Amino acid sequence: MQKIAIMGVHSAGKTTLAYILSAYFKMKDYNVKLIHESVRENCPFPINEDANQGTCLWNFHRQFLNELEAEAQGYQLAICDRSVMDTFVYFHAVNPRNPITHSAVEQAAQWLTTYDLLICLEPQEGVDLHEDGVRSTDRDYLNLIRDGFRDKLKTYGDKVKDKLLVRTSQDVFQEECRSGLLQEVEERLCIRERTA
């Protein structure tokens, strides 16, 4: 099974891109599994600025489980709305010295190598933050998380540099840019339209 992980700060268009990619490859007759963001699956722990160790570890393991289940179910392509690393960026932004979660980051860094493509999205400068009932709309918090992703990519990016695309929400929401991104994703995965 091939896997695409869409990672990055909230309000960058990750979920929208996950749906676009899922539809795009389904129309090419691929058996696609869209793996939704784990925190939206009734995470029993607090999130955002109130996240705790339980939040981090629950999300980390839930993401692993969802990806493993997709592979066991025989999907050809999994589109992941988040990577295993995302939960650590969010948690360490507000709890930077937790030794248990820091030890798990190394496992997440190794798991990043299992993705065939990583797309890291950042919001376009000045993007409006809309209340969605889940993510924080605090701009300082958003910038803290954005910087956390940049730091994680500096630290662990060498492991996946040949699989990494860094883009902005403009690449998702502007049609001309989106077409180019879809083409690049398809080329990177070496997926071509199948003939019946």
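In the block above lies the structure referred to throughout.
Bear in mind the structure is a predicted one, so any value in this text is a computation, not a measurement.

The rules behind the values
Residues numbered from 1 in each chain as written. Predicted model: local features only at pLDDT ≥ 70, side-chain atom pairs only at ≥ 80, totals over all residues. Heavy atoms only, no water. Pairing = 2+ DSSP bridges. Helix = DSSP H or I, 4+ residues; strand = E, 2+ residues; numbered from the N terminus. Axes fitted to C-alpha atoms, helices over the stretch in contact; angles between N-to-C directions. Contact = heavy atoms within 4.5 Å. Core = buried A, V, L, I, M, F, W, Y, C linked by side-chain atoms within 4.5 Å. Buried < 20%, exposed > 50% of the residue type's maximum accessible area, 1.4 Å probe, protein only. Phe/Tyr/Trp six-rings, centres within 6.5 Å; stacked < 30°, edge-to-face > 60°. Right-handed = clockwise from strand over helix to strand, strands pointing away. Salt bridge = Lys/Arg side-chain N within 4 Å of Asp/Glu carboxyl O.

A. Structural view of the sheet that holds strand S4 (residues 117-122). Read from one edge of the open sheet, 5 strands run S2-S3-S1-S4-S5, paired in parallel fashion. Looking at strand neighbours, the two that pair on one side only are strand S2 (32-35) and strand S5 (164-168), the edges of this open sheet. On average, adjacent strands in this sheet sit at an angle of 15 degrees to one another, irrespective of strand direction. Relative to S5, S4 is paired through 5 bridges, and the arrangement is parallel. Counterpart to Glu 122 in the pairing with S5 is Thr 168. Each of strand S1 (2-8), S2, strand S3 (77-81) and S4 is contacted by helix H1 (residues 14-26), which is oriented at about 160 degrees to S1, the strand it contacts most. Against the sheet, helix H2 (residues 53-72) makes contact with S1, S2 and S3, and its axis sits at roughly 170 degrees relative to S2, the strand it touches most.

B. Representation of the nonpolar core within the structure. Formed by 56 residues in total, the largest nonpolar core has its most connected members in Ile 4, Leu 21, Phe 25, Ile 79, Met 85, Ile 119 and Val 185. The leading source of residues in this core is helix H4 (residues 99-112), at 6 residues.

C. Expanded view of the packing of aromatic side chains. Counted under the stated rule, the structure contains 6 aromatic pairs. Here the aromatic rings of Tyr 24 and Phe 25 are separated by 5.1 Å at their centres, their planes lie at 85 degrees, and the arrangement is edge-to-face. Accessibility assignment for this pair places Tyr 24 and Phe 25 in one class, buried. Here the aromatic rings of Phe 60 and Phe 64 are separated by 4.7 Å at their centres, their planes lie at 70 degrees, and the arrangement is edge-to-face. Taken together, the positions of Phe 60 and Phe 64, both in helix H2 and 4 residues apart, correspond to about one turn of that helix. In this structure an aromatic cluster arises from ring pairing among Phe 60, Phe 64, Phe 88 and Trp 111.

D. Structural detail: unusual backbone geometry. One non-glycine residue, Asn 48, lies in positive phi territory at about 60 degrees. Structurally, Asn 48 is set in the loop between S2 and H2. On the basis of relative accessible area, Asn 48 is assigned to the buried category, the value being 10%. Despite not being glycine, Arg 82 shows a phi value in the positive range, around 125 degrees. As for its placement among the helices and strands, Arg 82 is situated in the loop between S3 and helix H3 (86-94).

E. Layout of the pairing of S3. Extensive coverage of S3 is indicated by the burial of 5 of its 5 residues. Going residue by residue along S3, you find Leu 77, Ile 79 and Asp 81 tucked away on one face and Ala 78 and Cys 80 tucked away on the opposite face as well. Alignment of S1 against S3, held across 5 bridges, turns out to be parallel. Residue Ile 6 lies in a different strand from S3, and its bridge partner there is Asp 81. For the handedness criterion, the β-α-β arrangement of S2, H2 and S3 is classed as right-handed.

F. Structural context of the pattern of salt bridges. As enumerated under the stated definition, the model contains 9 salt bridges in all. In this structure, Arg 150 engages Asp 147 in a salt bridge whose closest nitrogen and oxygen atoms are separated by 3.8 Å. Separated by 3 residues within a single helix, Arg 150 and Asp 147 lie in helix H5 (residues 139-156), roughly one turn from each other. On the accessibility criterion, Arg 150 (38% relative accessible area) is partly exposed. Residue Asp 147 is classed as partly exposed on the basis of its relative accessible area, which comes to 32%. Across the pair Arg 167 and Glu 184 runs a salt bridge, and its minimum N-O distance is 2.5 Å. One end of the pair, Arg 167, is in strand S5; the other, Glu 184, is in helix H7 (residues 175-189), with 17 residues separating them in the sequence. Arg 167 gets classed as partly exposed once you look at its relative accessible area, which sits at 22%. Several salt bridges converge on common partners, so that one network encompasses Glu 122, Arg 146, Asp 147 and Arg 150.

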